[in-house]
Protein chains: 2
Amino acid sequence: MTFHAEAYVPDACPCPHLPATASDHVDACTIRLTPRHGRGVREARVRYALYGADGAPVVVVQGGISANRNAATRDADTGWWEPIVGDDRAIDTRGFRVLSIEWLDRTSFEALSYDELRAIGSEDQADAIAALLPELGVRHVHAFVGASYGAMVGLAFAARHPTRLRKLVVIAGAHRAHPLAIAVRNLQREIVRFAARHGDVRTGLDLARRLAMTTYRSERDFAERCGGAPEFRDGRYRFAEEGWLEAAGARFVERFDAERFLALSESIDLHAVAPESVRVPSTLIGIASDRLVPLADLCELQRRFGAPAALHVIDSRYGHDAFLKETAQIGPLIAEALATGSVQ
Amino acid sequence: MTFHAEAYVPDACPCPHLPATASDHVDACTIRLTPRHGRGVREARVRYALYGADGAPVVVVQGGISANRNAATRDADTGWWEPIVGDDRAIDTRGFRVLSIEWLDRTSFEALSYDELRAIGSEDQADAIAALLPELGVRHVHAFVGASYGAMVGLAFAARHPTRLRKLVVIAGAHRAHPLAIAVRNLQREIVRFAARHGDVRTGLDLARRLAMTTYRSERDFAERCGGAPEFRDGRYRFAEEGWLEAAGARFVERFDAERFLALSESIDLHAVAPESVRVPSTLIGIASDRLVPLADLCELQRRFGAPAALHVIDSRYGHDAFLKETAQIGPLIAEALATGSVQ
């Protein structure tokens, strides 16, 4: 397995102490943190994007493990959460300043052995964001809006840096990964490692992504999307379900790295935040059809939460992916949470 | 991939036309059928077990793709459905004669190319049982009790041989495989084929079985079974979920063949019986927590059924595997269905 081309480069960091009111910038900054599953203080390179209204309150926006720092569409880059983040959207870049980081992986750190840095914790992502804030001249974060893995990191951020954060919005994530989801993700990683041992890590990553896709969507979505008689081709039957998953796997392999996938997938499974330790007023959004993050886990999170937390439940055919698909339902809930004094 | 040691041996078939009243026997018989996904009439070798009360009505009992012909415990062999089949059990071998076959796979047929026999259909299993009956001197089957893949074959049997069958009991199976389950099973087969290409089919079968296990159990079962902090060992964290799945995968590889797995897994996905075409009074048993065979599919089966069909729903922590685990709930429903005149 190979590491990213763009790896840790500590001396390239300007860390310009840019005020949060400066114009848009997409940059990288070296910060210091004590990894949850490591030893001692370490430097890490954090790649981030900061944009939106000058001088406006800052909203941190983080998505799933495969999301990047471009939540809004800007210039030529289509944002992964375009319907939610942008001018006049739920997270309105005319009224807020948006900060997103690229998730840390092992390449974000100076070269460390697996004994020095056993894994990347959701706490490390939270601490990296917290360490980045003063470098950007940001004292307080108005809200942290996190979906999927981003929801886990948001919970870790709120638990560890409560004085920095006014509001938390948690979407399709909970205080822990569900054991069944851990089992399936662990198999995804086993497949990648097995393929790597046989010198074909790309096919392993492809199969792992296809498997992940079966957990991102609901039964209903598969039933409505698929159908038609299987077709006999090249010595076996091909099912309608295969084509869609094959395409998803192939796209993922083109844009993602196996080592990064292993680290972030494992980070989800290691995530553990005591709900009682989160003392920031929050809005929780769960998806009834989510097979990856069962609604029951959001209910438990809400019950045990250390601050007022309103749980909203979304009905969707899309399962976990509803956080990307049901923006018409999710947008107003986020906008309401961001509006001053409206945390319920 | 290698075929079974015990392959098709047509001239070894005595086909003794044993009366159904004869004593217990475990044997094999060559029958003729026209494969659903093949060309022309073919011979197939059917391995079966027939035991129970002399002269009693015959009940066909069939389980999942990994079940064998030993449903009851007899001699040294522990039956796969011991709590249900045996003396004084729900399928009482003091009052019934039980017939089960080993599922056909490609080794059951004379050597055929993939063009001559593209796949094994659930219809072929049903037709093999139907063809076996006269050889055993059985005119009518009192009941066909099928669970999982056995339920699919039972539906095919009832649709194709209605005059042979008085009652059908369908447990955790439906008129078609659900598209999401097809997607996950297809990935299991992709993993086996990928591993075979790299000369390590055993690991592929192991991983495929582990993946299957994540669909056989419910969220609740995983949540109750697993837990505890992950442990760092040999360069990565090990999760509590892994040990159980690893053991299940290892056991499966010892007793199952990759080629047989591919054929039977595909056979599930190819299964399609129009519910309207089933005109035998039936008892349907669904499991609310089943992630592989959604209860909604049994509801649709019941709605569209071509004869009276009572749907019973079982509540269980075990998901699909409830057909093996909730014998105290399922047993009385089967016994009631077998009792004369009690089909609802």
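One can find the structure itself at the top, above this paragraph.
Residues numbered from 1 in each chain as written. Chains lettered and ligands numbered in written order. Predicted model: local features only at pLDDT ≥ 70, side-chain atom pairs only at ≥ 80, totals over all residues. Heavy atoms only, no water.

A few words now on the sheet that holds strand 14 (residues 309–314) of chain B. Residues and elements named next belong to chain B. Ordered in space as 1-3-7-4-9-10-13-14, the eight strands form an open sheet in which the pairing is mixed. Every other strand in the sheet has two partners, leaving strand 1 (25–33) and strand 14 as the edge strands with one partner each. Between one strand and the next, the sheet's axes are offset by a mean angle of 20 degrees, whatever the strand orientation. Summarising the sheet, strand 10 (residues 165–171) and strand 13 (residues 282–287) pair through four bridges and their orientation is parallel. Pairing of valine 169 across the sheet is with threonine 283, part of strand 13. Of the strands in this sheet, strand 4 (58–62), strand 9 (141–147), strand 10, strand 13 and strand 14 are in contact with helix 10 (residues 327–338), which crosses strand 10 at around 165 degrees. (Pairing = 2+ DSSP bridges. Helix = DSSP H or I, 4+ residues; strand = E, 2+ residues; numbered from the N terminus. Axes fitted to C-alpha atoms, helices over the stretch in contact; angles between N-to-C directions. Contact = heavy atoms within 4.5 Å.)

In a beta sheet, neighbouring strands pair by backbone hydrogen bonds and run either parallel or antiparallel. Residues and elements named next belong to chain A. Taken together, the eight strands give an open sheet; going across it, the order is 1-3-7-4-9-10-13-14, and neighbouring strands pair in mixed fashion. Because the sheet does not close on itself, it has two edges, and the strands there are strand 1 (25–33) and strand 14 (309–314). Across the sheet, the axes of successive neighbouring strands diverge by a mean angle of 20 degrees, strand direction being ignored. Sheet analysis places strand 9 (residues 141–147) next to strand 10 (residues 165–171), joined by six bridges and oriented parallel. Paired with glycine 146 across the bridge in strand 10 is valine 170. Contacts between helix 1 (residues 122–135) and the sheet are confined to strand 1, strand 3 (42–52), strand 4 (58–62), strand 7 (97–101) and strand 9, with strand 1 contributing the most and set at about 110 degrees to the helix. Each of strand 4, strand 9, strand 10, strand 13 (282–287) and strand 14 touches helix 10 (residues 327–338); the most contacted strand, strand 10, lies at about 165 degrees to it.

Glancing now at the relation of the copies chain A and chain B. Once turned by 180 degrees and shifted 0.0 Å along the axis, chain A lies on chain B with an RMSD of 0.0 Å. Taken together, these values place the two copies in the relation of a two-fold axis. When C-alpha distances to the rotation axis are compared across chain A, the minimum falls at A:His198, with a value of 3.4 Å. Residue by residue, 100% of the interface of chain A is reproduced at the interface of chain B, so both copies engage with the same surface. (Least-squares fit on C-alpha atoms with pLDDT ≥ 70 in both.)

These results come straight from atomic positions and should not be treated as a statement about function.
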